[in-house]
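Take a look at the letters that make up each chain.
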Amino acid sequence: MLQDFSWLATLADLSAQRVPCVLLTVMEAKGSTPREAGTKMVVTADRQFGTIGGGNLEFEAIAEARALLAQAQVATKVKDYPLGPKLAQCCGGAVSVLLESFVPTGKKLYLFGAGHVGREVVAVFSALPVDIIWIDSREAEFPAALPPACVKKLTAAPLGEVAEIDENAYVLVMTHNHDLDYDIVRSVMQRGRYAYLGLIGSATKRARFEKRLAVDGIALSDMARLVCPIGVHSVTGKHPREIAIAVAAQLLALGLTRTGAAEAAAP
């Protein structure tokens, strides 16, 4: 007897682990076929869950799925398989298989600051497919429980985390200290590898930072990439949750949860 499996639970587990995978679904089964329409299986680079019938049909479909994974992007395709001499299967029917790839974005949200707004940002993103690196020096500011995709970095030297930032990083700076905010912003700009750099604060704070950045040799083109104030401009509320929602809307519009290369940010 074929062992049943929950393809939904499998996809959820792989998604939580950020494992790329392909869902295969028998769309149409004509004539004599090993499995009926609606049968599903899930394939990763080195594992498979469930079955669409075994034999060369499944072998070819798995190879097709892994070729789709090699493209490292979300895609769908339909593949027709005649079950005759070509696949050395005696069923004699024909199967159409839908392949749907699920690929993690590879992007991360670096959040410097575990204050009121920082906690709301994590709460807003907790149900989205976003890996969050949450950085602060104050243990008491972090909640007791964190979302599964959130990593707490409790450190007295938050600038050290800048070394991990790359082109797939979306950076939010909202610490409890303006000088620390400045040091982080300057370090990220000097590194020069990021998709988005947002600083909480007003236009006045931005102007003050730009004067200091100029003295420290930061180019105007790099300063232009700084987003401050943060969030979509049409949301003007000051409540931490309102700010978090406005920031989330901005980051989603800029592609934080989309699969593909990181996109340059615009205010």
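Above this text you will find the structure in question.
Residues numbered from 1 in each chain as written. Predicted model: local features only at pLDDT ≥ 70, side-chain atom pairs only at ≥ 80, totals over all residues. Heavy atoms only, no water.

Visitor: What am I meant to see in the sheet that holds strand E6 (residues 108–112) here?
Guide: The strands that make up a sheet are held in pairs by hydrogen bonds between backbone atoms, and each pair lies either parallel or antiparallel. What the six strands build is an open sheet, ordered E8-E7-E6-E9-E10-E11; its pairing is parallel. Whereas interior strands pair on both sides, the edge strands pair on one side only; in this sheet they are strand E8 (150–154) and strand E11 (226–227). Of the strand pairs in this sheet, strand E9 (residues 169–173) and strand E10 (residues 196–199) are connected by four bridges, and their pairing is parallel. Residue pairing in the sheet places Val171 in a bridge with Leu197 of E10. Helix-sheet contacts for helix H4 (residues 178–191) involve E6, E9, E10 and E11, and the interaxial angle to E10 is about 165°. (Pairing = 2+ DSSP bridges. Helix = DSSP H or I, 4+ residues; strand = E, 2+ residues; numbered from the N terminus. Contact = heavy atoms within 4.5 Å. Axes fitted to C-alpha atoms, helices over the stretch in contact; angles between N-to-C directions.)

Visitor: Explanation requested: the packing of helix H3 (residues 116–125) against helix H7 (residues 240–253) in the structure shown.
Guide: Two elements in contact, H3 and H7, have axes separated by 8 Å at closest approach and are oriented at 50°. Comparing their axes, H7 and H3 come out oblique. Relative to H7, H3 is oriented so that their crossing is right-handed. Contact residues: H3 offers His116, Val117, Glu120, Val121, Ala123, Val124 and Phe125, while H7 offers Pro240, Arg241, Ile243, Ala244, Ile245, Ala248, Leu251 and Leu252. (Parallel < 35°, antiparallel > 145°, perpendicular 65-115°, else oblique. Left-handed = near helix turned anticlockwise from the far one by under 90°.)

Visitor: What's the story with the sheet that holds strand E1 (residues 21–30) in this structure? I'm lost.
Guide: Read across the open sheet, the five strands follow the order E3-E2-E1-E5-E4; overall the sheet is antiparallel. Each of the sheet's edge strands pairs with one partner strand only, and the pair in question is strand E3 (48–50) and strand E4 (76–82). On average, each strand axis in the sheet is tilted by 20° relative to the strand beside it, whichever way the strands run. As defined by bridge partners, E1 adjoins strand E2 (residues 40–43) across four bridges and the pair is classed as antiparallel. Bridge pairing in E2 places Thr25 opposite Lys40. Across the sheet, helix H1 (residues 7–16) touches E1, E2, E3 and strand E5 (94–102), and the angle it forms with E2 is around 15°. Sheet contacts for helix H2 (residues 55–70): E1, E2, E3, E4 and E5; angle to E4, the most-contacted strand, approximately 160°.

Visitor: Help me understand the packing of H4 against helix H5 (residues 203–215) in this model?
Guide: Put simply, H4 and H5 touch, their axes get as near as 11 Å, and they point 55° apart. Classified by the interaxial angle, the pair formed by H4 and H5 is oblique. The crossing of H4 and H5 is right-handed. On H5, the residues touching His178, Asp179, Asp181, Tyr182, Val185, Arg186 and Met189 of H4 are Lys205, Phe209, Arg212 and Leu213. Its residues assigned to classes, the contact of H4 with H5 comprises five nonpolar, one polar and five charged. (Nonpolar A, V, L, I, M, F, W, Y, C, P; charged D, E, K, R; others polar.)

Visitor: Got a minute to help me understand H4 in this structure?
Guide: The α-helix winds at 3.6 residues per turn, so residues separated by three or four positions along the chain end up facing the same way. With 14 residues, H4 extends 20 Å from end C-alpha to end C-alpha; this agrees with the ideal 20 Å at 1.5 Å per step. For H4, the secondary structure elements touched by its buried residues are E6, E9, E10, H5, helix H6 (220–223) and E11. Put simply, Asn177 is the residue that caps the front of H4, since its side-chain oxygen is 2.8 Å from the backbone nitrogen of Asp179. Immediately beyond the C-terminal end of H4, within one or two residues, lies Gly192, with a positive phi of roughly 80°. (Expected span 1.5 Å × (residues − 1). Polar contact = N/O pair within 3.5 Å; in protein donor to acceptor, adjacent residues only side chain to side chain.)

Visitor: In this structure, what is going on with unusual backbone geometry? I would like to understand it.
Guide: Residues apart from glycine generally show negative phi values, whereas peptide bonds are mostly found in trans. Look at the link from Cys228 to Pro229: it is a cis peptide, with omega at 5°. Its place among the elements puts Pro229 in the loop between E11 and H7. One non-glycine residue, Arg18, adopts positive backbone phi at about 60°. Following the sequence through the fold, Arg18 ends up in the loop between H1 and E1.

Visitor: I keep staring at the pairing of strand E7 (residues 131–136) and nothing clicks. Help me out?
Guide: Here is the key point about a regular strand: its side chains alternate between the two faces of the sheet. E7 sits mainly inside the fold: five of its six residues count as buried. Between the parallel pair E6 and E7, the chain is carried across by H3, and the sense of this crossover is right-handed. Pairing geometry for E7 and E8, over five bridges, is parallel. Residue Ile133 lies in a different strand from E8, and its bridge partner there is Val151. (Buried < 20%, exposed > 50% of the residue type's maximum accessible area, 1.4 Å probe, protein only. Right-handed = clockwise from strand over helix to strand, strands pointing away.)

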